[in-house]
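# Results of the structural survey
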Amino acid sequence: MAALIYQIFSSSAMLSQGLYHLICTTKNQLKSPRDYVAKPYHPFPPNRFLRHLQLYLILICLFIAFIHQLIVSSYADPLLKGRTPVHLFTSLQSAALLFSFLLLSVALLLSDATSLLPLPHDLFFALASSLFFLQYSLSSSSAAVQTSDLQAKCDSISACISALSSVFCLALACCPRLFVADVALGASFCLQGLWAMQTGLSLYVDAFIPEGCHKLLDVVSGVEGSTKCDLEDSKLRAEAILDLIFVLHVLFVLLIFLVLYIALAKTLGIRSRFGSYEALPNTASTNTATVDSNHIQLKAMAGTQA
């Protein structure tokens, strides 16, 4: 139950961060396409007391996740290959990575709020790219030591999303005006949040566990783990279902972005990138009418003189 609650917490944090990033990025690009530049965070206008609210929320979520990983590292998990030392080291690696993200967020806060640490945006994106790459490596290693087939599959998909986030951050570090990379970064946050929720449902909720798989339970220690499939066919079927669900999540995130883009464009009153136009007058017909009228006036003047 505690694992499911943590997955829901992680999902809510990542999804809200991704949605806010998508909204602010799209709004800034629609307002001034020529002056658009990617930003590590978007302050809350116009209240200066709430300017850094996003960073404060990120710091709180990262601190809670860091404490959770430290507590979990002390638990014995016999459901991992290698028993307790493997679980201890993987949990400490996750805690160290979360602490690195925490330090980077603190550095960003100090850079924006004070003059103690002037951190350029391209350097921030480069550091974030390296941390997301470490997260990809850690998730891949965690998938390799899992006894649960489904959890290994979920970890491998999460690792792929982290790799995409790393690529997008590196692209923004090299080209901060690349709107596509900035939007894709926010979409990857949303996708990571949705997949965290899907992972919790697929591993810990009976109604969402694929057919042919069941929860693991260590008889000696009484530790409830994730799920395992008894037959090879059940395992392949469950992995195929997870791949399908992941594609559906990608389509859902794409739909969210399209809806946000259309809603913001209508709210800001932007009709088309090329602007509206009006039909030009027919100069040929106008000139013809002018010539005809002049011709009639000349004929009238000639008749009068005669």
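In short, a report on the structure. The shown structure was predicted, so the numbers you read here are calculated from the model rather than taken from an experiment.

### Some details on the overall build of the protein chain
Along its length, the protein chain carries eight helices and two strands. When the helices and strands of the protein chain are placed in sequence order, the string is α-α-α-α-α-α-β-β-α-α. Taken across its 306 residues, the protein chain has 40% of its residues classed as buried. Here the protein chain displays about 17800 Å² of accessible surface, and carbon together with sulfur accounts for 68% of that area.

### With respect to the side chain of Thr26
Turning to its location among the elements, Thr26 is positioned in helix α1 (residues 2-31). Excluding residues within four positions of it along the chain, Thr26 makes contact with Phe179, Phe257, Tyr261 and Leu264.

### Examining helix α4 (residues 121-144)
End to end, α4 covers 35 Å across 24 residues, agreeing with the expected 34 Å (1.5 Å per residue, within 8%). Here α4 has its buried residues at Phe124, Phe125, Ala128, Ser129, Leu131, Phe132, Leu138, Ser139, Ser142 and Ala143.

### Regarding the environment of Gln69
Along the chain, Gln69 falls in helix α2 (residues 53-73). On the accessibility criterion, Gln69 (13% relative accessible area) is buried. When the C-alpha positions of Gln69 and Ala96 are compared, they lie 9.1 Å apart, and in sequence the two are 27 residues distant. When near neighbours in sequence (up to four residues on either side) are disregarded, Gln69 contacts Tyr6, Ser91, Ser94, Ala95 and Leu98.

### A few points about a nonpolar patch on the surface
A grouping of Leu57, Ile60, Phe63, Ile64, Ile67, Leu70, Ile71, Tyr75, Leu88, Phe89 and Leu92 is seen on the molecular surface, where their side chains present a nonpolar patch of about 980 Å² in accessible area. Relative to the helices and strands, Ile67 resides in helix α2.

### Some thoughts on the packing of aromatic side chains
If you walk through the whole model with that rule in mind, you get nine aromatic pairs. Aromatic pair Tyr6 and Phe9: ring centres 6.5 Å apart, planes at 35°, arrangement tilted. With a gap of three residues between them, Tyr6 and Phe9 both fall in helix α1, about one helical turn apart. Of the residues examined, Phe9 reaches a relative accessible area of 26% and is grouped as partly exposed. Ring centres of Tyr36 and Phe179 lie 5.6 Å apart, and the angle between their planes is 85°; on these two criteria the pair is classed as edge-to-face. Residue Tyr36 is located in the loop between α1 and α2, and its partner Phe179 is located in helix α6 (residues 179-204); the two are separated by 143 residues in the primary sequence. A connected cluster of aromatic rings, assembled from ring pairs, spans Phe101, Phe132 and Phe189.

### Quick word on the environment of Ala152
Counting through the fold element by element, Ala152 comes out in helix α5 (residues 149-174). Overall, Ala152 belongs to the buried group, its relative accessible area being 16%. The spatial distance from the C-alpha of Ala152 to the C-alpha of Ser142 is 7.4 Å, given a sequence separation of ten residues. If we ignore the near neighbours within four places in the chain, the residues touching Ala152 are Ala143 and Gln146.

About the thresholds
- Residues numbered from 1 in each chain as written.
- Predicted model: local features only at pLDDT ≥ 70, side-chain atom pairs only at ≥ 80, totals over all residues.
- Heavy atoms only, no water.
- Helix = DSSP H or I, 4+ residues; strand = E, 2+ residues; numbered from the N terminus.
- Buried < 20%, exposed > 50% of the residue type's maximum accessible area, 1.4 Å probe, protein only.
- Areas by Shrake-Rupley, 256 points an atom, 1.4 Å probe, with all protein chains shown as cover.
- Contact = heavy atoms within 4.5 Å.
- Expected span 1.5 Å × (residues − 1).
- Patch = residues over 30% accessible without salt bridge, like charges linked within 9 Å, V, L, I, M, F, W, Y side chains within 5 Å.
- Salt bridge = Lys/Arg side-chain N within 4 Å of Asp/Glu carboxyl O.
- Phe/Tyr/Trp six-rings, centres within 6.5 Å; stacked < 30°, edge-to-face > 60°.

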